[in-house]
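# Examination of the molecular architecture
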Protein chains: 2
Amino acid sequence: MKSPLNHLFKSFSALQVATSYHSGSLAPNSRFSALPLSSSTVHFHSCLRRYGTSTDTESSVTDRMGIEAITETKRLASFYKEDNVKRHKPTVWTTPDEAAAFVRDEIDTVLFDCDGVLYRTLDQCPGAAKCIKGFLDQNKTVLFVTNNAGVNRKQLREKLANVLQIDELKYEQMISSSYAAAQYLKHQLGDISNARVHVIGSSGLCDELASNGFHLSGGPMESAPSGMTRAELAQYEFSEHPVDAVVVGHDTEMNFRKLCIAENLLMRNQDALFVATNKDSFDLVGADGRHIAGNGCTVVALEYATKRMAVNVGKPSPALVALIKTDHPGCMENPSRCLFVGDRLDTDIRFGKDNGMKTLLVMTGVTTSKMMEMLGEGTEEEPLPDFIVPFVGLLI
Amino acid sequence: MKSPLNHLFKSFSALQVATSYHSGSLAPNSRFSALPLSSSTVHFHSCLRRYGTSTDTESSVTDRMGIEAITETKRLASFYKEDNVKRHKPTVWTTPDEAAAFVRDEIDTVLFDCDGVLYRTLDQCPGAAKCIKGFLDQNKTVLFVTNNAGVNRKQLREKLANVLQIDELKYEQMISSSYAAAQYLKHQLGDISNARVHVIGSSGLCDELASNGFHLSGGPMESAPSGMTRAELAQYEFSEHPVDAVVVGHDTEMNFRKLCIAENLLMRNQDALFVATNKDSFDLVGADGRHIAGNGCTVVALEYATKRMAVNVGKPSPALVALIKTDHPGCMENPSRCLFVGDRLDTDIRFGKDNGMKTLLVMTGVTTSKMMEMLGEGTEEEPLPDFIVPFVGLLI
């Protein structure tokens, strides 16, 4: 417990709050631009491991992530303290004991978002493994609920096992939006022996759908050109049979050709299901918090082209809570004893709120203190969480 | 006047209306699926010319287009006749004399949409050249107002000259949305000597902007890959200076990489202008009416990613009517003596309606009789036109 991160955390309440927030030349909402980045290589906890290709020495990324999250949380605590408007404000936990005691005593089921909560790319978020192991030791039900459709359940389990070094996680605890899409299609289409599904998305999504028995078209399409002229589209040979569903998951190789093909398949069979694994608007990447377009961008483009609305099966959709209730009967019988832990307001926190759970925001993901400040008392789409902690390591 | 098209038109009011509309195996809203396609090669008018690469013999495409448009108009006239709901209904002109007399006597300025009204790709719509020439002979002000940002003013003039075989059209009559975008940027940015504009769109749009003095980035980007992984985006080298504007025009080579780059440029400078040349949702291509995604799809994707709204400078935006009034003072002083002729309700007809003009829909473009029937009395977004004729050749 001798890392600079731990030191900073211990000094948490005594630290002065920076009164201004300059973004410099970086993105205005960059969460990293004004932060005192540490190049320390000292371990935060002995249980932290980092698995990646970064040239930094071990655990510096995790340390840096923790320091940033604490600084952000500190800003926010100061903002809420100085904010004289009478309104609901989240509880910002400033000691690990408070947070840990609450979860230990008040919560039976913990549902975790993954990216930005337990890891960022291949870097573990501070204390994530310790947190999960601790909850398992406390015999809590722990579920992993990700909008990332790029992984199937098996891959999600492997990623958690690799990044967190936990072997005992079960397949059934994995609730990826690719899994949710497959289950939704099975439920809606009934007999799927001949069901044809067209996919925009990654091989992980295709694997999940194929392993559930669907006949697929689309997917990565690596050899196809990316564009599509009017003449090419006029001559394009569609498969003879209309598809029963179009599923849209995040695809960093998204292009105009894929958009037009999916658009025409949806127009050719107005009864075809139109499913979005999620409608996330963006995610952050890189040290200066760059925006990478989320799956929601492709979904709204296709909705606009077809004048049809997709069914979202990811967070915060009702379809997903129905799936969790079916898969894990009992675990949501008393939702007020469920805790949703996430880094996004519009998916994680809203999903928890919509379903009567307690909600907790961590500051290791996309939500910044500045975004929270601008949001005031929140909106229906982006509600405030009940609780805020810098990172999940403080929950145990 | 001995073509089958002319014969069909002459027999217009006497023809039986098909009472059912089967789309067969094609797109449900295909405008061509139930039509008696003629393979006739007889000329419709001696003034019609066809310029294309089709292997059909001369003028069959124009004839077919005319027959389809008449059949569609006939369906619609029958629908309105049998529709007992008391509400405003468009006037469907069933003789050429009525339409021609109205325009001759009541209209001083005619504003034409181009694609789907005067031509389809390289095929002239029936009687388009005769119509334009006739209006010029009548000393009417004639303007060409297209949302197609793929052409600059020069290219639009050339296309009209080539397809319609009219040499006397002036540069000033050409109002493309690429021109509107350039003028809007000049007006908003003031001194543009150092203005940097990032473009999603075609070389035609880039040419128009560059010729107005803007420093451009983006555009066709032919050598760049189409995708962008998280790692690539994290390492992407943005130009040092933030851009002053991002302009989005139709791009059949649109891809995820372009989306992410534009997204980050907009996030880096929240004051950067965000301009859409238009927000068309789709266009139709090919004999079975396939949907090709419109520029609006890219615009809404980028709006969703950035949580910012683009300024539309194409139809039906107020920005465009301001530009026309500036460029052609006097021509819109009495808007009730202006006629907007178009094939789309949400752009052409709405633009005319919003600005007090008379509006006329032709059936040679994207709007089908079925769409009109389903629309009933229209919506604010898709208002009904004042008048309907099968094609522009009947206006003279």
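Use the structure listed above.
The model shown is predicted, which means the values in this text are computed figures rather than measured ones.

### Section: the overall build of chain A
The helix and strand inventory of chain A stands at 13 helices and 16 strands. In chain A, buried positions account for 59% of the 396 residues. Restricting to contacts in chain A with at least 6 residues of sequence separation, those with at least 24 account for 72%. Just so you have it, chain A exposes about 15,700 Å², and 49% of that area is on carbon and sulfur atoms.

### Looking at helix 4 (residues 128–137) of chain A
Residue and element names in this part refer to chain A. Turning to helix 4, its buried residues number three or more, namely A128, A129, C131, I132, G134 and F135. Along its buried surface, helix 4 packs onto helix 3 (96–106), strand 2 (109–112), strand 4 (123–124), strand 5 (141–146) and helix 5 (153–164). In the stretch just after helix 4, N139 is the one whose phi turns positive, near 60°.

### Observations concerning the interface of chain B and chain A
The interface of chain B with chain A comprises 49 residues on the first partner and 48 residues on the second. Surface buried jointly by chain B and chain A totals about 4,100 Å² across both partners, of which 57% is contributed by carbon and sulfur atoms. Area buried by chain B at its contact with chain A is led by B:R230, B:R290 and B:Y304, which between them contribute 18% of it. In this structure, the connection of chain B to chain A is made through four salt bridges. Residue B:R268 pairs with A:D288 through a salt bridge whose shortest N-O separation is 3.2 Å. Across the chain B-chain A interface, the total number found is 24 residue pairs in polar contact (both at pLDDT 80 or more). Those elements giving two or more residues to the side of chain B that touches chain A turn out to be helix 8 (230–235), helix 9 (256–268), strand 11 (282–285), strand 12 (290–293) and helix 10 (295–306) of chain B.

### Observations concerning the packing of helix 6 (residues 177–189) of chain B against helix 11 (residues 318–327) of chain B
Residues and elements named next belong to chain B. Where helix 6 meets helix 11, the axes come as close as 10 Å, and the angle between the chain directions of the two elements is 85°. Considering the angle they form, helix 6 stands roughly perpendicular to helix 11. Seen from helix 6, the contacting residues are Y179, A180, Q183 and Y184; seen from helix 11, they are A319, L320, L323 and D327.

### Thoughts on the nonpolar core
Core analysis: the biggest nonpolar cluster contains 52 residues, and A:L302 and B:L302 have the highest contact counts within it. Not counting the four nearest positions on each side in its chain, A:L302 is found in contact with A:I200, A:V248, A:L259, A:A262, A:E263, A:L266 and A:F274.

### A few points about the relation of the copies chain B and chain A
When chain B is brought onto chain A, the operation consists of a screw motion whose angular component is 180° and whose axial shift is 0.0 Å, with 0.0 Å RMSD remaining. The transformation relating the two chain copies, once decomposed into turn and shift, fits a two-fold axis. Closest to the rotation axis within chain B is the C-alpha of B:N255, separated from it by 2.0 Å. Comparing interface residues between copies, 98% of those in chain B also sit at the interface in chain A, which points to an isologous, same-surface contact.

### So, the packing of aromatic side chains
Scanning the entire structure with this criterion turns up 16 aromatic pairs over all chains. Pairing B:W93 with B:F102 gives two aromatic rings, centres 5.4 Å apart and planes at 40°, and the pair type is tilted. Comparing B:W93 with B:F102, the two get one shared label, buried. The rings of A:W93, A:F102 and A:F387 are connected pair by pair, giving a single aromatic cluster. The ring centre of A:Y179 lies 3.5 Å from the NZ or CZ of A:R153, which sits over that ring. Over the ring of B:F282 we find B:R344, and its NZ or CZ is 5.4 Å from the ring centre.

### A short note on the sheet that holds strand 8 (residues 215–218) of chain A
Pairing between the strands of a sheet is mediated by backbone hydrogen bonds and can be parallel or antiparallel. Residue and element names in this part refer to chain A. Judged by pairing direction, the sheet is parallel, and its five strands sit side by side in the order 8-7-9-10-13 without closing on themselves. What marks the edges here is a single partner per strand, and that holds for strand 8 and strand 13 (311–312). Bridge count for strand 7 (residues 196–200) against strand 8 is four bridges, and the pairing is parallel. Its bridge partner lying in strand 8, R196 is registered against H215.

### Observations regarding the environment of A:K74
Mapped onto the elements of the fold, A:K74 is located in helix 2 (residues 60–82). On a C-alpha basis, the gap between A:K74 and A:W93 in space is 9.9 Å, while along the polypeptide they are 19 residues apart.

### A short note on the packing of helix 6 of chain B against helix 7 (residues 203–211) of chain B
Residues and elements named next belong to chain B. Direction vectors running N to C along helix 6 and helix 7 enclose 35°, while the axes themselves pass 9 Å from each other. At the point where helix 6 passes helix 7, the crossing takes the right-handed sense. Here S178, Y179, A181, A182 and L185 of helix 6 come into contact with helix 7, specifically with L205, E208 and L209. For the contact of helix 6 with helix 7, the residue count by class is six nonpolar, one polar and one charged.

### Quick word on the pattern of salt bridges
Applying the stated criterion to the full structure yields 36 salt bridges over all chains. With its nearest N and O atoms 2.9 Å apart, the salt bridge here joins A:R230 to B:D283. Separated into two different chains, A:R230 in helix 8 (residues 230–235) and B:D283 in strand 11 make up a pair that spans both. Given a relative accessible area of 33%, A:R230 falls into the partly exposed group. Residue B:D283 is classed as partly exposed on the basis of its relative accessible area, which comes to 22%. Each of A:D83, A:R87 and A:K89 takes part in salt bridges that share partners, so that together they form one network.

### Some thoughts on the pairing of strand 7 of chain A
Residue and element names in this part refer to chain A. Most of strand 7 is tucked away: four of the five residues are buried. Read from strand 7 through helix 7 (residues 203–210) to strand 8, the crossover connection turns out right-handed. The sheet contact formed by strand 7 and strand 9 (residues 245–248) spans four bridges and is parallel. Bridged to H198 within strand 9 is V246.

### Comments concerning helix 7 of chain A
Every buried residue of helix 7 of chain A is listed here: A:G204, A:L205, A:C206, A:E208 and A:L209. Looking at the buried side of helix 7 of chain A, the elements it contacts are helix 5, helix 6 (177–189), strand 7, strand 8 and strand 9 of chain A.

### Brief notes about the sheet that holds strand 2 (residues 109–112) of chain B
Residues and elements named next belong to chain B. The parallel open sheet is built from seven strands, whose spatial order is 1-16-15-14-2-5-6. Each edge of the open sheet is held by one strand with a lone partner, namely strand 1 (91–92) and strand 6 (174–176). Looking at chain direction, strand 5 (residues 141–146) and strand 6 are connected through three bridges and run parallel. For F144, the partnering residue across the bridge sits in strand 6 and is M174. This element, helix 12 (residues 345–354), spans strand 14 (338–342) and strand 15 (358–362) of the sheet and lies at about 160° to strand 15.

### Looking at the environment of B:L265
All names here are of chain B. With respect to the helices and strands, the residue L265 is situated in helix 9. Among the residues examined, L265 registers a relative accessible area of 7% and is labelled buried. In the structure, L265 is positioned 41 residues away from T306 in sequence and 9.9 Å away in space, judged by C-alpha atoms.

### Brief notes about unusual backbone geometry
With an omega dihedral of 0°, the bond running from A:K315 to A:P316 counts as a cis peptide bond. Positionally, A:P316 belongs in the loop between strand 13 and helix 11 (318–327). Within the chain, B:T121 stands out as a residue other than glycine whose phi angle is a positive 50°. Turning to its location among the elements, B:T121 is positioned in the loop between strand 3 (119–120) and strand 4 (123–124). When its relative accessible area of 46% is taken as the criterion, B:T121 is described as partly exposed.

Cut-offs applied
- Residues numbered from 1 in each chain as written.
- Chains lettered and ligands numbered in written order.
- Predicted model: local features only at pLDDT ≥ 70, side-chain atom pairs only at ≥ 80, totals over all residues.
- Heavy atoms only, no water.
- Helix = DSSP H or I, 4+ residues; strand = E, 2+ residues; numbered from the N terminus.
- Buried < 20%, exposed > 50% of the residue type's maximum accessible area, 1.4 Å probe, protein only.
- Contact = heavy atoms within 4.5 Å.
- Areas by Shrake-Rupley, 256 points an atom, 1.4 Å probe, with all protein chains shown as cover.
- Buried area = accessible area lost by both parts, 1.4 Å probe.
- Salt bridge = Lys/Arg side-chain N within 4 Å of Asp/Glu carboxyl O.
- Polar contact = N/O pair within 3.5 Å; in protein donor to acceptor, adjacent residues only side chain to side chain.
- Axes fitted to C-alpha atoms, helices over the stretch in contact; angles between N-to-C directions.
- Parallel < 35°, antiparallel > 145°, perpendicular 65-115°, else oblique.
- Core = buried A, V, L, I, M, F, W, Y, C linked by side-chain atoms within 4.5 Å.
- Least-squares fit on C-alpha atoms with pLDDT ≥ 70 in both.
- Phe/Tyr/Trp six-rings, centres within 6.5 Å; stacked < 30°, edge-to-face > 60°.
- Lys NZ or Arg CZ within 6 Å of the ring centre and 35° of its normal.
- Pairing = 2+ DSSP bridges.
- Left-handed = near helix turned anticlockwise from the far one by under 90°.
- Nonpolar A, V, L, I, M, F, W, Y, C, P; charged D, E, K, R; others polar.
- Right-handed = clockwise from strand over helix to strand, strands pointing away.

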